[in-house]
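# Survey of secondary and tertiary structure
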Amino acid sequence: PPDAPKFYLIEYVLPIFTYWLGLTVYWREKTQQRKRQENKAPRTDINTGHLQNIVEAMQSQRLYLNPELTLTDLAQTVQLTPNTVSHCLNVGLGKSFNDFVNGYRIEEVKRRLQTSDAERLTILGIAYESGFNSKTTFNRVFKETTGFSPKDYKNKSQTTLRDDRTGN
């Protein structure tokens, strides 16, 4: 009806207030989201002394021979937090903890395959003594690292060793 009173509050004020409230919530959420992203940004700085201590402990104490070695164990050995050790390995070496440890284990297996251990132990026996506790993991990591199956690598290295001994 044309004579009905105008409700300015509903027609003008409420829509403007609703629009303002929506924008305020939107900008607040955007600001918080930006802050969360900044906090998640990866740190690229590492303490090279920490990294050096981690590598030295792994090599000198041969920690990789322990099949139950964990990130926490390594961190306790070098007196750092697990997060610090993980960060040093990820940023400083570009490796995860498992890749770091398994790299040492593979090198140990390769070294032992070129010794008399290869004649008295099975490849899997050498793998277990080198710190692996799973045949599947050992085979997968060995193939990824060397490009050969453990058996093919052993045959190749023993052929090379025989050729070196005979002067060929």
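Report on the accompanying structure.

Calculation criteria
- Residues numbered from 1 in each chain as written.
- Predicted model: local features only at pLDDT ≥ 70, side-chain atom pairs only at ≥ 80, totals over all residues.
- Heavy atoms only, no water.
- Helix = DSSP H or I, 4+ residues; strand = E, 2+ residues; numbered from the N terminus.
- Core = buried A, V, L, I, M, F, W, Y, C linked by side-chain atoms within 4.5 Å.
- Buried < 20%, exposed > 50% of the residue type's maximum accessible area, 1.4 Å probe, protein only.
- Contact = heavy atoms within 4.5 Å.
- Axes fitted to C-alpha atoms, helices over the stretch in contact; angles between N-to-C directions.
- Parallel < 35°, antiparallel > 145°, perpendicular 65-115°, else oblique.
- Nonpolar A, V, L, I, M, F, W, Y, C, P; charged D, E, K, R; others polar.

Helices and strands together make up the secondary structure of the protein, namely nine helices and zero strands. Taken from N to C terminus, the helices and strands of the protein fall in the order α-α-α-α-α-α-α-α-α.

The tendency in soluble globular proteins is for nonpolar side chains to be buried as a group. Ranked by size, the top nonpolar core spans 18 residues in total, and within it Ile 54, Met 58, Leu 74, Val 85, Leu 89, Phe 100 and Val 101 carry the most contacts. Contacts of Met 58, omitting those with residues within four sequence positions, involve Leu 63, Tyr 64, Leu 69, Leu 74, Phe 100, Val 101 and Tyr 104. Counting residues in each nonpolar core, the second largest holds 13 residues, with Leu 113, Ala 127, Phe 138 and Val 141 among its members.

The next point concerns unusual backbone geometry. In most cases, non-glycine residues show a negative phi, while peptide bonds are predominantly trans. Its identity is not glycine, yet Arg 62 carries a phi of approximately 50 degrees, on the positive side. One non-glycine residue, Gln 79, lies in positive phi territory at about 60 degrees. Within the secondary structure, Gln 79 sits in the loop between helix H3 (71-77) and helix H4 (82-93).

Each pair of packed helices can be summarised by the angle the axes make with each other and by the distance between the axes. Running from N to C, helix H5 (residues 97-113) and helix H8 (residues 135-146) point in directions that differ by 85 degrees, and their axes come no closer than 10 Å. Judged on the interaxial angle alone, H8 and H5 are roughly perpendicular. On H8, the residues touching Asn 102, Ile 106, Val 109, Lys 110 and Leu 113 of H5 are Phe 138, Val 141, Phe 142, Thr 145 and Thr 146. The class makeup of the residues in the contact of H5 with H8 is six nonpolar, three polar and one charged.

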